[in-house]
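Coordinate inspection notes
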Amino acid sequence: MSFTEHIAPIFRAAMEILREAGRPMQPAEVREAVAERVSIDPGQEILNAHGQVRWHAQLGFRTGEAASVGWMTKRNGWAISPAGVQVLESFPGTELYRELGRQYRARRQSAQTRTYADPRWKVVLEALTWLPPGSWTTYGDIAEVVGMSAQSVGGFMAEAGETAGAHRVLQSGGKVSPGFRWLDPERTDDPREVLEQEGVIFDQFGRAASHQRVTADKLRAMLADAGVLPEPEPEQEQELEWDIPAPFEQFQQNLGYARQLLDGGRSLERLGVGAFDVTDLYRAAWTQSVAALDHWITREIIDRGVALALQPGAPRPAKFDKLTLPVALFEKIHHHDAPLAEVFRAHLEQEFEYKTFQNPEKIQEGFGHVSSVKLWVKAAEILTEQDPTSPVTSDGVRARMREIARRRNNIAHTADHDPDNPGQKRAITARAAEETINWLESIAIAIQLALGDPLPTADYDAAPVEANGLGAVPMSAGEGRAATSRARRKWDEESLLQAIEQYCPDDVANTLLEVYRHAERHPAFRGYHYGEGAYPSATAQFSIGTDEAAVWSVYTGASESVLSINFEWMRNRGVAPEVLSELAETLSGLPGWAGVPRQLVVANYARRPSLTPNALARPDAADIITGSIGALLAAGGEEA
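Residues numbered from 1 in each chain as written. Predicted model: local features only at pLDDT ≥ 70, side-chain atom pairs only at ≥ 80, totals over all residues. Heavy atoms only, no water.

Description of the sheet that holds strand β8 (residues 561-565)
Pairing is antiparallel across the open sheet formed by five strands, whose spatial order is β5-β6-β7-β8-β9. What marks the edges here is a single partner per strand, and that holds for β5 (525-530) and β9 (610-611). With two bridges joining them, β8 and β9 adopt antiparallel strand pairing. Paired with S564 across the strands is S610, a residue of β9. Where helix α22 (residues 493-503) meets the sheet, it contacts β5, β6 (537-544) and β7 (547-556), and its direction lies at approximately 45° from that of β7. Lying on the sheet, helix α23 (residues 506-521) is in contact with β5, β6, β7 and β8; it crosses β5 at an angle near 130°. (Pairing = 2+ DSSP bridges. Helix = DSSP H or I, 4+ residues; strand = E, 2+ residues; numbered from the N terminus. Contact = heavy atoms within 4.5 Å. Axes fitted to C-alpha atoms, helices over the stretch in contact; angles between N-to-C directions.)

Okay, structure coming up:
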């Protein structure tokens, strides 16, 4: 049975149990209920390398991912969200687990995917996908094909252990490398056993059969047939870069270490060990969890900063624009010696990696470089929504964070001395340390939801894929573009309105113009972004709650014009799913939108559906659209 087949039913059972309970449940309570419902493989009951029951640890990771994509909450226990209930109904069996992985990777990956300094590493990764089951190759064979050293390829593979086919790369003698490891820290499958299941034969010395080896010549021919060829060998081998875990994933792992310290302390406390003070393990867990948050915040700021640098047209916080870039780095970018993302990331790492993000004021200041959201206000709102019976204020959040940071500093710098009892340490319990770890996990999730996901560049200029019938560029606008010497032109209000009036039927034009003017009259309106793409376009920005979002966009072509409702961009700016759901339902009475609300829920609102001319032509379309947008903005915290 595969690793997924072990974990998927456990995760699904946990979600179903939370749905049936209809209330927050403590993790131990959930695990106990899961064990009664699911037949758990004995291999998942054993302790992992850190002393935790394997499936307990895996369920902790998976529920953290589920909370980060909005399927559940983890404040004052675990609880399922409306989005979690919906995906349970939409994805049967193991598909739920696979959908979690898809959404988590899509939403929580680094804002800018890391690139490899040497393009030959991409060829290495591509080569792995062409190794068929029942075969194997060596680091040396791959190195010969791409023109590198076997040691370099081996080092790369040690960091890419769960890339498809990576377990089929062996040492020159046909043995599994001692340095091989799976990307998932909880996965303990023996790579030799996996290879044997695929058909590879090993002798009594642990060497794979030579007739099953894909040699360098065979691999080169295989890649040539597939159209995958190594880049020309550069004069000098460049420095290797490889992927590292996404920030939130690494944060979860680090919190896992803190929880392991707790478990160890509890075990020793039950045994009555008197050789040392076991409560020091609780103090270590406390400091580890604070360090985990600190490290995660640093990485989030850097990733989000790179994303902003790659979005010149997107709104930016004032503090971001005040970041300085040395002339030497500017010249490096200007002369194409290195890509912007690579240079700016290195600069931000130098700028932020030695700063400490433990005090709430410092955290707010750090994120202020990459977001204009009122961080602690929004985080408090999110935490309160997760458990309305225990409301939280922004002042309360900051006070709790200060208290945790002060205790961490006392532990780290004075061995947790008690000022009222000289020579004594302050008392600490496993429960207090556990509550701190859980609180910091909830805070990190709330911060993510408050800031919105770090995303690739938002392209305001391009209409959604579904709106692919715009036809030719309006001739009058095209003539205007031809008159300029610039390759791309920023459209303006005049060219947009000219195209709407000239190419849209009267009923469609009237609707679009009414929506356009409604935006300008609304107190939450913050401005238009006029596009630079082939078609005249405008995207309306509004203040929603504690942030700003691109609510709708008009794209105008000679054949038709559309009004795209930007659910994805609003979701990424922290607009609540229930608010987006109400907007979708209100618009569902327009032609072509009957099935849109359900499609949006299944896609976790990661779509930008468009109202086509059929919908825009209805006599009451303008009233429905402007009314629904007014309700959206009111629900988001602004005056209607």
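Thoughts on the packing of aromatic side chains
Tallied over the full model, the rule gives 11 aromatic pairs. With a centroid separation of 4.4 Å and an interplanar angle of 5°, the aromatic rings of Y516 and Y528 are classed as stacked. Residue Y516 is located in helix α23, and its partner Y528 is located in strand β5; the two are separated by 12 residues in the primary sequence. Y516 sits in the buried class, given a relative accessible area of 2%. Y528 gets classed as buried once you look at its relative accessible area, which sits at 18%. The ring centre of W286 lies 5.4 Å from the NZ or CZ of R407, which sits over that ring. (Phe/Tyr/Trp six-rings, centres within 6.5 Å; stacked < 30°, edge-to-face > 60°. Buried < 20%, exposed > 50% of the residue type's maximum accessible area, 1.4 Å probe, protein only. Lys NZ or Arg CZ within 6 Å of the ring centre and 35° of its normal.)

Digging into a nonpolar patch on the surface
On the surface, L271, V273 and F276 cluster together into a nonpolar patch covering about 290 Å² of accessible area. Look at L271 and you get exposed, because its relative accessible area is 67%. (Patch = residues over 30% accessible without salt bridge, like charges linked within 9 Å, V, L, I, M, F, W, Y side chains within 5 Å. Areas by Shrake-Rupley, 256 points an atom, 1.4 Å probe, with all protein chains shown as cover. Salt bridge = Lys/Arg side-chain N within 4 Å of Asp/Glu carboxyl O.)

Details of the packing of helix α17 (residues 360-367) against helix α19 (residues 394-414)
Running from amino to carboxyl end, α17 crosses α19 at an angle of 115°, the nearest separation of the two axes being 8 Å. In this view, α17 runs roughly perpendicular relative to α19, as classed from their interaxial angle. Within the contact between the two elements, α17 uses P360, E361 and I363 and α19 uses R398, M401 and R402. In terms of residue class, the contact of α17 with α19 is built from three nonpolar, no polar and three charged. (Parallel < 35°, antiparallel > 145°, perpendicular 65-115°, else oblique. Nonpolar A, V, L, I, M, F, W, Y, C, P; charged D, E, K, R; others polar.)

Here's the deal with the pattern of salt bridges
The tally for this structure, following the rule as stated, stands at 32 salt bridges. The partner of R23 in a salt bridge is E29, and the shortest N-O contact between them spans 2.7 Å. Shared partners join several salt bridges into a network, and the residues in it are D277, D280, R283, R407, D416 and K425.

Some points on the pairing of β5
Burial of β5 is extensive: five of the six residues sit out of reach of the surface. As judged from the five bridges shared by β5 and β6, these two strands associate in the antiparallel manner. Bridged to H529 within β6 is T539. In textbook terms, the turn of a hairpin is the stretch between consecutive antiparallel strands, and for β5 and β6 this stretch comprises six residues.

Side note on empty space enclosed by the protein
Considering all chains together, one arrives at three cavities of 30 Å³ or more under this definition. Roughly 40 Å³ of volume is contained in the second largest cavity. Elements supplying a minimum of two residues to the lining of the second largest cavity: α13 (279-309) and α19. Among the residues making up the lining of the second largest cavity, the classes are represented as six nonpolar, one polar and no charged. (1 Å grid on protein atoms, 1.4 Å probe; cavity = no way out; pocket = protein on both sides within 12 Å on 5 of 7 lines; lining within 4 Å. Points joined across faces, edges and corners; volume = space filled by probe spheres on them.)

Brief notes about the environment of D620
Relative to the elements of secondary structure, D620 occurs in the loop between α27 (613-616) and α28 (621-635). Spatially, the C-alpha atoms of D620 and T511 are 8.7 Å apart, while their sequence positions differ by 109 residues.

Details of the packing of helix α4 (residues 54-68) against helix α20 (residues 430-451)
Two packed helices can be described by the angle between their axes and the distance between those axes. With their axes 9 Å apart at the nearest point, α4 and α20 run at an angle of 30° to one another. Here α4 contributes G64, A67 and S68 to the contact with α20, which in turn contributes E441, I445, Q448 and L449. For the contact of α4 with α20, the class distribution of residues is three nonpolar, three polar and one charged.

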